[in-house]
Amino acid sequence: MLALCMLFAQAVAAEIEPLAAEPLVEAPVAEAVAAVPAESSPDAADSPDAAVSPRSVKITSERTDYDRKQGVIMFDKDVFVDDVEYQMHADQLYVFLDGTNDLKRIVAIGNVAITNDLRVGTCAKATYTKATSKIVMYGDGAETLAKLSDNGKRKSEVEGRKITFWIDSEQVEVEGSTITLDTGSLGGKDGAKKLLGK
């Protein structure tokens, strides 16, 4: 689960570089490129140029609005974020920048799905706040819960109304939670009993 949360952190923490030069620019098919610092890459420690060689993230949508004065970029309809380490889909993506065009906050809304290899995260809304290094995934408040799934060797899944992940401490808090674990990954029935303290 932590690997999936870290992946989401990379997805939302990309420094977005808008291609538009004027406030509220609209395009029928919009595209922007984001530069993600190399240190967020798992192989960054092996690279001597890790601090200076960003990778690109491609964001496409049917429409993009950029309000330079307010520091907001809005990607609307069929938003797709494509990175070498993950893919993200959402109905809308808002990127909030501060006065120096540094990332402040990102909000993904509607049918949010983040995938990487065998890991999947889905929710109705997801937010990332750079100052607190916190990601919050929300269910829709009715019947759909926020969900993180690992479909690899250690199959596991956590669902809840709200999943909060602190990137720096790698702590996860789930409100209204349901956790499903593959007992085989815990060492069988005895491993599950140890986990539950029985």
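Treat the numbers as computed from the prediction; the structure is a model and nothing was measured.

## So, the pairing of strand β12 (residues 162-166)
- Direction of pairing for strand β9 (residues 134-138) relative to β12: antiparallel, over a ladder of five bridges. Each residue of the ladder has a partner; that of V136, found in β12, is T164.
- Where β12 and strand β13 (residues 171-175) come together, five bridges link them in antiparallel fashion. When the bridges of β13 are listed, W166 appears paired with Q171.
- Hairpin connection of β12 to β13: four residues between the antiparallel strands, including E170 at a positive phi of 55 degrees.

## Remarks on the environment of G152
- Residue position: G152 is located in the loop between β10 (146-150) and β11 (156-160).
- What makes G152 buried here is its relative accessible area of 13%.
- Between the alpha carbons of G152 and R119 there is a distance of 7.5 Å; along the sequence they are 33 residues apart.

## Overview of the confidence of the model for the chain
- Mean pLDDT over the chain: 73, with 64% of residues reaching 70 or higher.
- Within the chain, the element-level pLDDT minimum falls on strand β1 (residues 15-17), averaging 45, and the maximum on strand β4 (residues 63-67), averaging 94.
- Taken together, the stretch residues 11-28 has pLDDT below 50 and engages in 54 contacts with residues farther than four places along the chain or on a different chain.
- Throughout residues 35-53 the model reports pLDDT below 50, and contacts reaching past four residues in sequence, or to other chains, amount to 26 contacts.

## Comments concerning the packing of aromatic side chains
- All chains considered together, the criterion is met by one aromatic pair.
- Cation over ring: K125 sits above Y138, and NZ or CZ is 5.5 Å from the ring centre.

## Here we look at the pattern of salt bridges
- Evaluation of the coordinates by the stated rule reveals four salt bridges.
- Among the salt bridges present, the one from R119 reaches D150, with a minimum N-O distance of 3.7 Å. With R119 in strand β8 (residues 119-129) and D150 in strand β10, the pair connects residues that are 31 residues apart, well separated along the chain.
- You can call R119 partly exposed: its relative accessible area is 27%.
- On the basis of relative accessible area, D150 is assigned to the buried category, the value being 13%.
- The residue E175 makes a salt bridge to K162 at a minimum N-O spacing of 3.9 Å. Linking E175 in strand β13 with K162 in strand β12, this pair joins segments that are 13 residues apart in sequence.
- Judged by its relative accessible area of 33%, E175 is partly exposed.
- The class of K162 is partly exposed, set by a relative accessible area of 25%.

The rules behind each value
Here the residue index of a chain counts from 1 through its sequence in written order. Note on the predicted model: pLDDT of at least 70 is required for a residue's local features to be given, and 80 or more for side-chain atom pairs to be given and counted; whole-chain, interface and lining totals, by contrast, use all residues. Excluded from the side-chain calculation are hydrogens and water; included are all heavy atoms of the structure. Should DSSP find at least two bridges between two strands, the strands are regarded as paired. Elements are defined by DSSP. Helices are runs of H or I of four residues or more, strands are runs of E of two residues or more, and each kind is numbered from the N terminus. Each residue is assigned to one of three classes by its accessible area relative to the maximum for its type, calculated with a 1.4 Å probe on protein chains only: buried under 20%, partly exposed between the two thresholds, exposed over 50%. One confidence number per residue, pLDDT, is output by the predictor and ranges from 0 to 100. Contact criterion: two residues are considered in contact whenever any of their non-hydrogen atoms come within 4.5 Å of each other. The criterion for an aromatic pair is that two Phe, Tyr or Trp rings (for Trp, the six-membered ring) have centres within 6.5 Å, with stacked assigned to planes under 30 degrees apart, edge-to-face to planes over 60 apart and tilted to the rest. Two conditions define a charge sitting above a ring: the NZ of Lys or the CZ of Arg must be within 6 Å of the ring centre, and it must be within 35 degrees of the ring normal. In the sections that follow, a salt bridge refers to a side-chain nitrogen of Lys or Arg positioned within 4 Å of a carboxyl oxygen of Asp or Glu.

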